[in-house]
Amino acid sequence: MNIVTVIQARTGSTRLPNKVLMPLAGKTLLERMIERVQWSELAGKIIVATTEEKSDDVIQEICEKNNFRIYRGSTEDLLDRHYQAAKLFNADAVVKIPSDCPLIDFRIIDKVLDYFIKNSEKFDFVSNLHPATYPDGNDVEIMHFSVLEDAWKNATRKLEREHTTPYIWENPDKFRIGNVEWETGLNYSMSHRFTIDYPEDYEFIKRVFDELYHKNPKFSLTDILKLLEEKPEIKKINEKYNGVNWYRNHLNELKTIKADQTKII
């Protein structure tokens, strides 16, 4: 199975511009994130999918410097950007990992992908998000290329084009949806925030890297949670945004998302 992992990244974030360029342990956030994804044994070809905007030339420069694969496409239609990148590299299965997850644990990536591979005749789409149990920022979705192509051809709503996969997981009668839950039985999806969208998120992520990276670059989710237990002041840095995600703006449009899966700010 030719697996292609697509990381969509751009500099033009409205809430926190240039967040993918912010420094973490001597490199950009994007480089550190890709480093963590590259440690996955099952991620296959990793592609950075950015836009054709001139402001994203810097992302191409980073990719060329590091020999990262890159595709440049639509600014607003992320479903098209994802599809075209996957098609370019002849994917059999396509992984979606957002570029705002620099603390993602490659072990979780492999767990989700392994579950999909072992059950590829049973499921069209597998993620660890429906419902989510891991701390926010460990987002992994994988689907057969034909399923992504179906969404690309048939998704019409703005949120379906902008967020890549909602057409799939919002149609459980059409697609066979699988989910991987955290083996601990815990649900930290609304209480722990490891993603970046606000300045406080960067402060939190930078502190985690400063504390853990130089001891062990491959630090795990368990290592982060242990650090937060030992130094609870770190968790407080961005905790006012715990549970905040894009769902909050579309609760009246999403059929499979409940109000308790997001936080209104």
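Up top is the structure these notes are about.
Presented here is a report on the structure given in the accompanying data block. (Residues numbered from 1 in each chain as written. Predicted model: local features only at pLDDT ≥ 70, side-chain atom pairs only at ≥ 80, totals over all residues. Heavy atoms only, no water.)

Let's talk about the sheet that holds strand E4 (residues 45–51)
The strand order E5-E4-E1-E6-E8-E7-E9 describes an open sheet built from 7 strands, whose pairing is mixed. Edge positions in the sheet fall to strand E5 (69–73) and strand E9 (177–179), since each has one partner strand and no second. The mean angle between the axes of side-by-side strands here comes to 25°, regardless of whether they run parallel or antiparallel. Each of E4 and E5 is contacted by helix H2 (residues 57–66), which is oriented at about 165° to E5, the strand it contacts most. Where helix H4 (residues 106–118) meets the sheet, it contacts strand E1 (3–8), strand E6 (93–96), strand E7 (125–127), strand E8 (141–144) and E9, and its direction lies at approximately 25° from that of E8. (Pairing = 2+ DSSP bridges. Helix = DSSP H or I, 4+ residues; strand = E, 2+ residues; numbered from the N terminus. Axes fitted to C-alpha atoms, helices over the stretch in contact; angles between N-to-C directions. Contact = heavy atoms within 4.5 Å.)

Some points on helix H1 (residues 29–38)
The buried fraction of H1 amounts to 9 of the 10 residues, a majority that puts the element mostly inside the structure. Here H1 has its buried residues at Leu-29, Leu-30, Glu-31, Arg-32, Met-33, Ile-34, Glu-35, Arg-36 and Val-37. (Buried < 20%, exposed > 50% of the residue type's maximum accessible area, 1.4 Å probe, protein only.)

Side note on the packing of helix H8 (residues 199–212) against helix H9 (residues 221–230)
Two elements in contact, H8 and H9, have axes whose closest approach is 11 Å; the angle formed by their N-to-C orientations is 100°. On the basis of the axis angle, H8 is roughly perpendicular to H9. Where H8 approaches H9, its residues Phe-204, Val-208, Glu-211 and Leu-212 are matched on the opposing element by Asp-223, Ile-224, Leu-227 and Leu-228. The residue inventory of the contact of H8 with H9, partitioned by class, reads 6 nonpolar, no polar and 2 charged. (Parallel < 35°, antiparallel > 145°, perpendicular 65-115°, else oblique. Nonpolar A, V, L, I, M, F, W, Y, C, P; charged D, E, K, R; others polar.)

Quick notes on the nonpolar core
Ranked by internal contacts, the top residues of the largest apolar core, which has 53 residues, are Val-37, Leu-103, Ile-142 and Val-208. With 6 residues, the top contributor of residues to this core is H8. When neighbours within four sequence positions are excluded, Leu-103 is seen to be in contact with Arg-36, Asn-138, Phe-194, Phe-204, Ile-205, Val-208, Phe-209, Phe-219 and Ile-224. Core analysis: the next-biggest nonpolar cluster, separate from the first, contains 27 residues, Val-6, Ala-49, Val-147 and Leu-148 among them. (Core = buried A, V, L, I, M, F, W, Y, C linked by side-chain atoms within 4.5 Å.)

Quick look at the side chain of His-82
Along the chain, His-82 turns up in helix H3 (residues 78–88). Beyond its immediate chain neighbours, meaning those up to four positions away, His-82 contacts Val-6, Gln-8, Val-94, Val-95, Lys-96, Leu-148 and Thr-164.

Quick look at the packing of H3 against helix H5 (residues 145–154)
Following both chains from N to C, one finds H3 and H5 inclined at 145°, their axes separated by 10 Å at the closest point. Once H3 is placed against H5, the crossing between them reads as left-handed. The segment H3 lies against H5, with Leu-79, Asp-80, His-82, Tyr-83, Gln-84, Ala-86 and Lys-87 engaging Phe-145, Leu-148, Glu-149, Ala-151 and Trp-152. By residue class, the composition of the contact of H3 with H5 is 7 nonpolar, 2 polar and 3 charged. (Left-handed = near helix turned anticlockwise from the far one by under 90°.)

Comments concerning the side chain of Arg-161
For Arg-161, the location among the structural elements is in helix H6 (residues 158–162). A distance of 2.9 Å separates a polar side-chain atom of Arg-161 from the backbone oxygen of Ala-155. Ignoring any residue separated from it by four or fewer positions in sequence, one finds Arg-161 in contact with Glu-76, Asp-77, Leu-78, Leu-79, Asp-80, Ala-151, Trp-152 and Ala-155. (Polar contact = N/O pair within 3.5 Å; in protein donor to acceptor, adjacent residues only side chain to side chain.)

So, the environment of Val-180
Looking at the element boundaries, Val-180 is found in the loop between E9 and H8. Here the alpha-carbon distance between Val-180 and Lys-231, two residues 51 residues apart in the chain, equals 29 Å. When residues no more than four places from it in sequence are discounted, the contact partners of Val-180 are Lys-111, Val-112, Tyr-115, Val-126, Ser-127, Asn-128, Thr-133 and Tyr-134.

Comments concerning the environment of Leu-254
Residue placement: Leu-254 occurs in the segment after helix H10 (232–236). For Leu-254, a relative accessible area of 5% gives the class buried. Counting along the chain gives 74 residues from Leu-254 to Val-180, while the straight-line C-alpha distance between them is 21 Å. With sequence-adjacent residues up to four places away left out, Leu-254 is seen in contact with Leu-159, Trp-169, Glu-170, Trp-246 and Tyr-247.

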